[in-house]
Amino acid sequence: MTPDADSWARAALCLRLLLSAPGYLAGATIRMRASPDRDRLLNILQPLNMRRIHPSISDEQLFGGVDLSATLNSIQVIENKGILSDPSTMVVGMAERCGSDLAAKLAHQVDRDVGHCLIALDEGAEPDETLPPALAERLPFHIAPEGRMPKDWRVVPAGTLSVTPAAVTASAADAETLTLLAAQFGIDSLRAPLMALRVARVHAATHKRTCLEQTDLEVAALLVFPHRATRLPQAEPENQVPPPPNPETSQEAESDASSPMPEGDMLVEAVRALLPPDLLAGLVPAGTGRRMGGDGAGQKRKGNRRGRPLPSRPGRLDGRSRIDLIATLRAAAPWQPIRRKAQPDTPGLLIRPSDIRLKRYVEQSDRLLIFAVDASGSAAVSRLNEAKGAVELLLAQAYAARDHVALISFRGTTADLLLPPTRSLVQTKRRLASLPGGGGTPLATGLQQALALATQTRSKGLTPTLIVLTDGRANIALDGSRNRTQAMEDAEQMARVFRAHSIQTLVIDMSARPQAGLKALAGQFDGQYLPLPRADAQALTGAVSATLQG
Amino acid sequence: MNTPFPFSAIVGQEAMKQAMVLTAVDPGIGGVLVFGDRGTGKSTAVRALAALLPPIRAVESCPVNSAKSAECPAWAELGSKKLVSRPTPVIDLPLGATEDRVVGALDIERALTRGEKAFEPGLLARANRGYLYIDEVNLLEDHIVDLLLDVAQSGENVVEREGLSIRHAARFVLVGSGNPEEGELRPQLLDRFGLSVEVRSPNDVAERVEVIKRRDSFETDHAAFMAHYGAEDAKIRDTILKARKRLPKIATPEPILEDCAALCIALGSDGLRGELTLLRTARALAAYQGKRKLSRDHLRAVAPSALSHRLRRDPLDEAGSGTRVLRTVDEVLG
């Protein structure tokens, strides 16, 4: 079977299990863009009687509350039932845009274990655009089929279960196998083995078995563990490169059935085959399987709102301001009986202009400091360590000002976003300390990456500021060729784009002697230029603060 | 399945459990902050805490759980003034709760239907004399944090809005949990928590397996599991009650006070709240252990949780301040 078809087969299995016991399994993430394929997939779940919720759903809709308009009409309190009042299947569209507050509420509902089932549709395009981790963590399945749907793809529903999943007996050894397996794949959270156990039970129930068998465990491990794995089994935590698969172990497992853990090993092999490829490439740092960027850090929360709401004020509607309906009704409500006496014949609510309340917001966008650090060989020779020290000092200041920080490094032919915008300084420092040096100087590529980040975060409501630390010896052009002139031209072009976007920039020259070219580049940025002649890190911080305040 | 997982069935995480029990012994310690990785049982522990807490006596119809009818706020329309025993309130403050929900607002239902101006108490009223639990506390909106700080400081909730002018007592123990990777907590809020503990996923395989087994039998063999651990929980509750009685009688020798001060000076913690909390927590621990006198061992046991979040923070220190406290404790107490 091809990998694509295989992923579809797994998706079918997930759906089949989910259909059998939606409330028990609590849900799944479906990571697919909107497409006919996805519609077909969702159609299969139709029997669950799904209710759609969107990322900006209000508490009243979720938990129920007073239906204001109905109440006003009937002069009797009419309560709305919330979606969560009864066990139901919810489909969250655009779940990757779901804020941390909604995620927390939904996560709590999943934790309560009262039979809700949550299907999160993750439509993220970028790898780091995913569901809030608090939610992803609690949903057992991650359905992300690849390629086109095979023609003969279908899901055979298991029908009504004759065995309730909770009644399936699991031996202590079963629980142990799953726990050990999760530990081998570096899955820290203990929710993973618990969910795997539930999946195994449902799988057994669909096959009308009352106790778990080896296949149930295998299926559960295959469906629950691969997307959570942070490392390959047997690999040392600090060893990012996985050791070559050891042929002897698997042979042993086949030939010698009495070896200590033959079952576990076979499971390991099966799950290993499904691990995401970037894990093998060492892209996920060992030991930290957690997603770094995305929501976290509160930056999206801030960006999503247009400032913090202030108490509403009485005022006149003039077309530009927005009415705060609730506050207006609150203001009008106590007066209704009195006004009614004066105007007994007017139907409906009696609202006077003096009741009108207007919404007010105070807008304040957070600052994001993007550090683009040159980690090329030439920079490493000169002052990379000094630059690291300087960045650390700047971070301490950023902490005091509660700025967000992002870190980009460029060397060789590529630029890497080492740290997406975050407020977590510990993370920043860790990444910075492990920043290796060496290779060419792809200045333009680094700037390109910084620009992408800056525009992206600006749309989220942050104010980006770029700080470039380089020695200016750009020698890799945007297209990756080794051409010093072209490289410098590309860098200058990028600088002009930054200026067009009016992004505040500071260029720090960390070469041994100030470079005229770099000063010109700073001019193109319309930014500040700061040569760093044998200065200490303290002086550098002083300079940056002065720039930022100016 | 709405019964929370029993507290006594939580495997490991001794520091977290100790901190929670101690706030139950002496609510004056002022709350617990639990920071740690996902899936380590933070929320489970907090929700389990409710079952451990002894019931309180309160006026039946009082919205703020007043202990005497004289203490009930004037705005509350009291029905029955009978004193009843009710479980200690543990109120969830969800992220994204509006200011109205938290502090209370005009009761719009009554205003619309009966045309009366009445106050609808918020979460702070319900949490009075109990616990206020904030999950993902580090993601809480800044303006709600400001509000909580203010109320936690004064022990009183003052509402001045929509023509209402209302005040009521709001003394509660703050319990927060969060994942430090998602953002830091403001130092002011950090300081409001009496104790802070860091939890990690257990590294020991046997311990992990035990967690899974217990959780699994909680789900599948509910009745038997609850019968066993419910009794264990009851034992802890009894010990807490006894400790509460013993607490005022715990003797505090002079040298221990000096130790407290020396420890805080050596650590350079801001203000005196560190010393006070350290002392209170140590006394609570002594009471819980059934001792009559405070000793250095008690200080040693509670120092990390009482002090680690009060140090002047080095934002780049990744080892965490817990180790710093332990080192200093060893130096000062020998």
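Each value, and the rule that gives it
Residues numbered from 1 in each chain as written. Chains lettered and ligands numbered in written order. Predicted model: local features only at pLDDT ≥ 70, side-chain atom pairs only at ≥ 80, totals over all residues. Heavy atoms only, no water. Helix = DSSP H or I, 4+ residues; strand = E, 2+ residues; numbered from the N terminus. Buried < 20%, exposed > 50% of the residue type's maximum accessible area, 1.4 Å probe, protein only. Areas by Shrake-Rupley, 256 points an atom, 1.4 Å probe, with all protein chains shown as cover. Disulfide = S-S within 2.5 Å. Phe/Tyr/Trp six-rings, centres within 6.5 Å; stacked < 30°, edge-to-face > 60°. Lys NZ or Arg CZ within 6 Å of the ring centre and 35° of its normal. Pairing = 2+ DSSP bridges. Axes fitted to C-alpha atoms, helices over the stretch in contact; angles between N-to-C directions. pLDDT = per-residue confidence, 0-100. Contact = heavy atoms within 4.5 Å. Patch = residues over 30% accessible without salt bridge, like charges linked within 9 Å, V, L, I, M, F, W, Y side chains within 5 Å. Salt bridge = Lys/Arg side-chain N within 4 Å of Asp/Glu carboxyl O.

K.L.:
How would you explain the overall build of chain A if you had to name every residue and give the values?
P.N.:
Helix and strand content of chain A: 23 helices and 15 strands. Counting every position in chain A, which comprises 550 residues, the buried fraction comes to 50%. When the accessible surface of chain A is split by element, carbon and sulfur atoms take 52% of a total near 25,000 Å².

K.L.:
Report on the state of the cysteines, specifying residues and quantitative values.
P.N.:
Inspection of the entire model under this criterion finds 0 disulfides over all chains. You can see C264(B) has no disulfide; the closest cysteine sulfur is in C260(B), sitting 6.5 Å from it.

K.L.:
Describe the packing of aromatic side chains, with residues and values.
P.N.:
Taken as a whole and assessed by the stated rule, the structure comprises 6 aromatic pairs over all chains. For the ring pair F498(A) and F525(A), a centre distance of 5.5 Å and an interplane angle of 65° mean the geometry is edge-to-face. Of this pair, F498(A) sits in helix α21 (residues 484-500) while F525(A) sits in helix α22 (residues 516-525); the two residues are 27 residues apart in sequence, bridging distant segments of the chain. Residue F498(A) is classed as buried on the basis of its relative accessible area of 1%. Aromatic pair F218(B) and F225(B): ring centres 5.7 Å apart, planes at 65°, arrangement edge-to-face. Summarising the burial analysis for this pair, F218(B) and F225(B) share the class buried. Sitting over the ring of Y24(A), R198(A) keeps its end group 4.6 Å from the ring centre.

K.L.:
I'd love a proper account of the sheet that holds strand β2 (residues 50-53) of chain A, names of residues and values included.
P.N.:
All names here are of chain A. Strand order across the open sheet formed by 5 strands is β2-β5-β6-β1-β7, with parallel pairing between neighbours. Every other strand in the sheet has two partners, leaving β2 and β7 (141-143) as the edge strands with one partner each. Shown here is a sheet whose adjacent strand axes are inclined to one another by a mean of 20°, direction ignored. Relative to β7, strand β1 (residues 27-31) runs parallel, the two sharing 3 bridges. Across the sheet, A28 pairs through a bridge with F141, a residue of β7.

K.L.:
Lay out the confidence of the model for chain A in plain terms, naming residues and giving numbers.
P.N.:
All names here are of chain A. Per-chain confidence: chain A averages 74 in pLDDT, with 76% of residues scoring 70 or above. For residues 235-264, every residue scores under 50 in pLDDT, and the model assigns this stretch 13 contacts once sequence neighbours within four places are set aside. Residue range residues 277-305 is modelled with pLDDT below 50. Its contacts to residues more than four positions away, or to other chains, number 65 contacts.

K.L.:
Let's hear about a nonpolar patch on the surface: which residues, and what values?
P.N.:
Taken together, the side chains of I323(A), L325(A) and I326(A) define a hydrophobic patch exposed on the protein surface, amounting to about 230 Å² of accessible area. Positionally, L325(A) belongs in helix α15 (residues 325-332).

K.L.:
Summarise the sheet that holds strand β11 (residues 404-411) of chain A; cite the residues concerned and give the values.
P.N.:
Residues and elements named next belong to chain A. Here we have 6 strands laid out as an open sheet, ordered β12-β11-β10-β13-β14-β15, and mixed in their pairing. A single partner strand is all that each edge strand has here, and the edge strands are β12 (414-422) and β15 (528-531). The average angle at which neighbouring strand axes cross in this sheet is 15°, direction not considered. As judged from the 7 bridges shared by strand β10 (residues 367-374) and β11, these two strands associate in the parallel manner. Its bridge partner being in β11, I370 is matched across the sheet by A406.

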